[in-house]
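Coordinates in review
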Amino acid sequence: MSNEEKVSITVLLPGGRLPLDIMDTALQIARKYNLGIYLSTLQNLRLLDVPLSLVDEVKKPLAALGADFKAAGKFPIPRVCVGRDHCKLGLIDTSDLSGKILSHFAGRKNTKAKLKIAIAACALGCSGIGTSDIGIVATRNGYDVYAGGKGGTHPKSSRRIRKDVSEDEVIRTLDTLIEFHDLKTATKQRMYKLLDDPDFPFAETE
Ligand code: SF4
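Here we summarise the structure given alongside this text. Given the structure is predicted, the values throughout are model-derived calculations rather than measurements.

We now examine the site of the ligand. The local shell around the ligand consists of C81, C87, L89, G90, A121, C122, L124, G125 and C126. Class assignment of the residues belonging to the shell around the ligand gives a composition of seven nonpolar, two polar and no charged.

Our next topic: the packing of helix α3 (residues 94-104) against helix α4 (residues 167-183). Relative to each other, α3 and α4 sit at 45°, their axes nearing to 11 Å. Regarding the angle of α3 to α4, the classification is oblique. Relative to α4, α3 is oriented so that their crossing is right-handed. Contacts from L97, K100, I101 and H104 in α3 reach E167, I171, L174 and D175 in α4. Here the contact of α3 with α4 is built from residues that sort into four nonpolar, one polar and three charged.

Pairing is mixed across the open sheet formed by five strands, whose spatial order is β5-β6-β7-β8-β9. Taken across any chain shown, the strands that pair with only one partner, and hence form the sheet edges, are β5 (79-80) and β9 (159-165). As paired strands, strand β8 (residues 142-147) and β9 are joined by four bridges and run antiparallel to one another. Residue pairing in the sheet places V145 in a bridge with R162 of β9.

Turning to the nonpolar core, a few remarks are in order. Formed by 33 residues in total, the largest nonpolar core has its most connected members in I101, I134, I136, Y143, M191 and F200. Contributions of two or more residues to this core are made by α3, β6 (117-120), β7 (134-139), β8, β9 and α4. For this core, the leading source of residues is α4, giving six residues. Discounting residues that sit within four places of it in the chain, F200 has contacts with A147, I161, L177, F180, M191, L194 and L195.

What follows is about the sheet that holds strand β4 (residues 68-69). Taken in spatial order, the four strands of this open sheet run β2-β3-β1-β4, and their pairing is antiparallel. The open sheet is flanked by β2 (36-39) and β4, the only strands paired with a single partner. One ladder, built from two bridges, connects strand β1 (residues 6-12) with β4; its direction is antiparallel. Across the sheet, V11 pairs through a bridge with F69, a residue of β4. Running at roughly 145° to β2, helix α1 (residues 20-33) makes contact with β1, β2 and β3 (45-51) of the sheet.

Reading the values: rules and limits
Residues numbered from 1 in each chain as written. Predicted model: local features only at pLDDT ≥ 70, side-chain atom pairs only at ≥ 80, totals over all residues. Heavy atoms only, no water. Near = heavy atom within 4 Å. Nonpolar A, V, L, I, M, F, W, Y, C, P; charged D, E, K, R; others polar. Axes fitted to C-alpha atoms, helices over the stretch in contact; angles between N-to-C directions. Helix = DSSP H or I, 4+ residues; strand = E, 2+ residues; numbered from the N terminus. Parallel < 35°, antiparallel > 145°, perpendicular 65-115°, else oblique. Left-handed = near helix turned anticlockwise from the far one by under 90°. Contact = heavy atoms within 4.5 Å. Pairing = 2+ DSSP bridges. Core = buried A, V, L, I, M, F, W, Y, C linked by side-chain atoms within 4.5 Å. Buried < 20%, exposed > 50% of the residue type's maximum accessible area, 1.4 Å probe, protein only.

The following block contains the structure:
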């Protein structure tokens, strides 16, 4: 058995959608190189046990299909619930809002790590709104925005900082939160640590 180091390659899947051509190619690659496939908790597709020397070879056919790969500094892909078209409680198309957010932040480089964003199409928040650094929830009157949730060994519930705001206001809120996180973070940091900073830009809303 080879002692070569093995790594994972994560294909980013905006909106939690797995395009069929990428799924098909990932399956072929996994069979060819005897890799595992893991669907990550952040809704991405991870190829497991890739020998270091084969990383470029494995990525190439996926990149040719337009696949984007996880890398340090990339803006985080929001985790979404399945949304209006596939859940009777859903108020919005979560994939569409995720796409608008990703498009707004497309040119952003060096986003600090440990920042997770979640979007839910109703107040049940199936995508983990309460335990994400930034949570966006559709309401009958717009969107609520939450900040400061996390899971892990010491979970924290997020706090609502905007209530019934418009989609444009959601994007402006994200701009403010992410710039603040950037300003106050050396390399990586969960948002909850900043909630009680005297300069935190939003108060809790009832
Ligand atoms: S958050 Fe609401 S709309 Fe989204 S999947 Fe859960 S119940 Fe359905």
